[in-house]
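Coordinate analysis (summary)
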Amino acid sequence: MLSLFRQTGLRFLWLSVLAFVLDQWTKNIVLANMELYQSIQVNGFLNWTYVHNYGAAFSLLSDSGGWQRWFFTVIALVVSVVIVWWLRQSTRQQILLPVAFSLILGGALGNVYDRLIYGYVIDFIDVYYQQWSWPAFNIADSAICLGAILLIVDMFKNNEEDEKK
């Protein structure tokens, strides 16, 4: 069993655990120290702003009556199972792809936990510039985005390697 972890992308599951733990730790700090909708200015482009996200990314479907909680939970759990399967199929030589999948997995599970426990996702990172503001997000969302960026980098890297062959 241990050799399965060493020889596949499962060896990067520690990144999933790290993303999940950091996400939940920061959310617990927010819950313990902030009121809903409270905003604390950090600098000229960043606030800690505690909000509930009942929808998906950018609050998509947040006002849909509650069914979206279970819909997004099921989707995230199915995707998580598929990611673990992909990690198990990856080879020892692959690094970037399993790292990307591990980050996405940790972030997805962080948000699934919120949906199951609270019924919504806790968001608190508020990035803005003058009148423009990015929708609030959290560490889980950051892990998912970083994983997605690494997937794109891996795709271009593999495409370049294929063209050289």
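For clarity, every value in this text was computed on a predicted model and none was experimentally measured.

1. Looking at helix α2 (residues 13-33)
With 21 residues, α2 extends 30 Å from end C-alpha to end C-alpha; this agrees with the ideal 30 Å at 1.5 Å per step. L15, S16, A19, D23, Q24, T26, K27 and V30 are the residues of α2 that are buried. Down the axis of α2, the buried side of the element spans an arc of 165 degrees, and every buried residue falls inside it. In α2, the exposed residues that point more than 90 degrees away from the buried face are W14, V17, W25, A32 and N33.

2. Here's the deal with helix α4 (residues 96-117)
Within an α-helix, residues lying three or four positions from one another point in the same direction, as the helix has 3.6 residues per turn. Between its first and last C-alpha atoms α4 spans 32 Å; for 22 residues at 1.5 Å apiece the expected length is 32 Å, and the two agree. Following α4 by one or two positions, G119 has its phi on the positive side, about 90 degrees.

3. A look at the nonpolar core
In terms of nonpolar packing, the biggest core is built from nine residues, these being V30, M34, L46, Y50, Y120, I122, F124, I125 and F137. Broken down by secondary-structure element, the contributors of at least two residues to this core are β2 (46-53) and β3 (121-129). Here the element with the most residues in this core is β3; it accounts for three residues. Residue contacts for F124: discarding those within four places in its chain leaves T26, K27, V30, N47, W48, T49, Y50, F137, N138 and I139.

4. Let's talk about the packing of aromatic side chains
Within the structure shown, the criterion is met by seven aromatic pairs. Between F20 and Y113, the ring centres sit 5.9 Å apart and the planes meet at 90 degrees, which makes this aromatic pair edge-to-face. One end of the pair, F20, is in helix α2; the other, Y113, is in helix α4, with 93 residues separating them in the sequence. With a relative accessible area of 26%, F20 lands in the partly exposed category. Exposure remark for Y113: the relative accessible area of 36% places this residue in the partly exposed category.

Rules behind the numbers
Residues numbered from 1 in each chain as written. Predicted model: local features only at pLDDT ≥ 70, side-chain atom pairs only at ≥ 80, totals over all residues. Heavy atoms only, no water. Helix = DSSP H or I, 4+ residues; strand = E, 2+ residues; numbered from the N terminus. Expected span 1.5 Å × (residues − 1). Buried < 20%, exposed > 50% of the residue type's maximum accessible area, 1.4 Å probe, protein only. Arc of directions from axis to C-beta. Core = buried A, V, L, I, M, F, W, Y, C linked by side-chain atoms within 4.5 Å. Contact = heavy atoms within 4.5 Å. Phe/Tyr/Trp six-rings, centres within 6.5 Å; stacked < 30°, edge-to-face > 60°.

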